[in-house]
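Residue strings, one per chain:
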Amino acid sequence: MRTKIVAGNWKMNNDLYSSINLISHIKNELNKNKFETKIIICPPFTSLETASTLLKGSSIFLGAQNMYCEESGAFTGEISPLMLKSVGCEYVVLGHSERRTIFQESNQLVNQKIRAAVKYSLKPIFCIGETLKEREQNKTFDVIEKQIREGLEGFNENELGNLIIAYEPVWAIGTGRNASPEQAQEVHKFIRKLIEKIFSSTFAENLIIQYGGSVKPENSKDLMSQPDIDGALVGGACLKSDSFLKIIESAE
Ligand code: PEP
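Residues numbered from 1 in each chain as written. Predicted model: local features only at pLDDT ≥ 70, side-chain atom pairs only at ≥ 80, totals over all residues. Heavy atoms only, no water.

Participant: Explain the side chain of E168 to me, and be specific about the residues and the numbers.
Facilitator: Mapped onto the fold, E168 is located in the loop between β6 (164–167) and α8 (181–198). Buried charge without a salt bridge: E168, with K11 as the nearest opposite-charge side chain at an N-O distance of 6.9 Å. Those residues in contact with E168 that lie beyond four places of it in its chain are H96, C127, I128, G129, I173, G212, G213 and L233. (Helix = DSSP H or I, 4+ residues; strand = E, 2+ residues; numbered from the N terminus. Buried < 20%, exposed > 50% of the residue type's maximum accessible area, 1.4 Å probe, protein only. Lys, Arg positive; Asp, Glu negative; His and termini not counted. Salt bridge = Lys/Arg side-chain N within 4 Å of Asp/Glu carboxyl O. Contact = heavy atoms within 4.5 Å.)

This is the structure:
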């Protein structure tokens, strides 16, 4: 049995003050119930240390939205895995489509970042997904396969025990247009089969594969009831505690 994981990607939203506000609202709501679902929030870098302090003693885990693959050095503007560890991060989102498209991150760079996450014991949430054009040209499975093979090249399954894959069709991110549960399940099943081919059936069976792309309270239950969908990576709907909480409830 895989535990569902719901992660909130705040993107470039919330300064320190509003981060404190949102975290206290989420904590208040969560205190009302016990959840089986694992919950992660990924605030901006500038709020991580405070978030870590506020989350102490709660059942919410902390993640970052990105990092660089080097430990330290002349990489102006970048953040290293050790820096994330030092402010209490346990997870890190890598290869998000906004990083790939706006900041030209390649599969090779994402691979190096996953390598760095593994080295410093950060748990990678490895994002993959096709664009609308690729879907319309029937290239979805080719794109997904290439992203996985290149992103995970050189790893063995023992190194990837903490890996989470997030399937996020680019055309569904921030657009309000989610993949249908059937469309998402089809790709999740393909991902699990591919992981089985590359690694092993046990590893594939235990791998958490989240869906991301316009997840909201109205569609989260149908998406997460699919057999190969093990949770959600949520953008817009995680910025309000009530919608984030409804999504978590629907994962239960
Ligand atoms: C995301 O940021 O990973 C995401 C899926 O965003 P949204 O839920 O807003 O589509």
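Participant: Explain the site of the ligand to me, using residue names and the numbers behind them.
Facilitator: Neighbouring residues of the ligand: 14 residues in total, closest K11, E168, G174, S214 and G235. The contact in question runs from an oxygen atom of the ligand to an N or O atom on the side chain of H96, over 2.9 Å. Measuring from an oxygen atom of the ligand, one finds a backbone N or O atom of G236 at 2.8 Å. Computed on the free molecule, the ligand has an accessible area of 290 Å², of which 96% lies beneath the protein chains in the complex. Looking at the shell around the ligand residue by residue, the class counts come to four nonpolar, eight polar and two charged. (Near = heavy atom within 4 Å. Polar contact = N/O pair within 3.5 Å; in protein donor to acceptor, adjacent residues only side chain to side chain. Areas by Shrake-Rupley, 256 points an atom, 1.4 Å probe, with all protein chains shown as cover. Nonpolar A, V, L, I, M, F, W, Y, C, P; charged D, E, K, R; others polar.)

Participant: An account of the sheet that holds strand β5 (residues 123–128) is needed here, citing residue identities and associated values.
Facilitator: One closed barrel accounts for eight strands, arranged β1-β2-β3-β4-β5-β6-β7-β8; its pairing is parallel. Each strand axis lies, on average, 25 degrees off the axis of its neighbour in the sheet, ignoring direction. Across the sheet, helix α5 (residues 107–119) touches β4 (91–94) and β5, and the angle it forms with β4 is around 175 degrees. (Pairing = 2+ DSSP bridges. Axes fitted to C-alpha atoms, helices over the stretch in contact; angles between N-to-C directions.)

Participant: Any details on the packing of helix α7 (residues 140–151) against α8? Residues and values, ideally.
Facilitator: For the pair α7 and α8, the least separation of the axes is 11 Å and the interaxial angle reads 40 degrees. Between α7 and α8, the angle falls in the class oblique. Judged by the twist between their axes, the crossing of α7 over α8 is right-handed. Contacts between α7 and α8 involve T140, F141, I144, E145, I148 and R149 on the former and, on the latter, E186, V187, F190, I191, L194, I195 and I198. Taken together, the residues that form the contact of α7 with α8 break down as nine nonpolar, one polar and three charged. (Parallel < 35°, antiparallel > 145°, perpendicular 65-115°, else oblique. Left-handed = near helix turned anticlockwise from the far one by under 90°.)

Participant: Tell me what's going on with the packing of aromatic side chains, and back it up with residues and numbers.
Facilitator: Per the counting criterion, the structure on display carries five aromatic pairs. Pairing Y68 with F75 gives two aromatic rings, centres 5.0 Å apart and planes at 45 degrees, and the pair type is tilted. Measuring from centroid to centroid gives 5.1 Å for F199 and F203, while their planes differ by 65 degrees, and the two rings are edge-to-face. Considered together, F199 and F203 belong to a single accessibility category, that of buried residues. Over the ring of F61 we find K38; its NZ or CZ atom is 4.8 Å from the centre of that ring. Here R99 stacks its cationic end above the ring of F103, 4.1 Å away from the centre of that ring. (Phe/Tyr/Trp six-rings, centres within 6.5 Å; stacked < 30°, edge-to-face > 60°. Lys NZ or Arg CZ within 6 Å of the ring centre and 35° of its normal.)

Participant: Any details on the state of the cysteines? Residues and values, ideally.
Facilitator: This model, assessed by the stated rule, comprises zero disulfides. Note on C69: no disulfide assigned, nearest cysteine sulfur contributed by C127 at a separation of 17 Å. Classification of C69 by relative accessible area gives buried; the value is 12%. There is no disulfide at C89, and the cysteine sulfur nearest it, in C42, is 7.8 Å away. For C89, a relative accessible area of 5% puts it in the buried group. (Disulfide = S-S within 2.5 Å.)

Participant: Tell me about the pattern of salt bridges, and please be specific about residues and values.
Facilitator: On inspection of all chains with the given rule, the structure shows 14 salt bridges. Note that D230 is salt-bridged to R2, the shortest N-O span being 2.8 Å. Here D230 is found in the loop between α10 (217–224) and β8 (231–234), whereas its partner R2 is found in the segment before β1 (5–9), with 228 residues between them in sequence. In this structure, E29 and K32 form a salt bridge, with 3.4 Å as the shortest nitrogen-oxygen distance. For E29, a relative accessible area of 29% corresponds to the partly exposed category. On the accessibility criterion, K32 (60% relative accessible area) is exposed. One network of salt bridges, in which partners are shared, links R2, R192, E205, D228 and D230.

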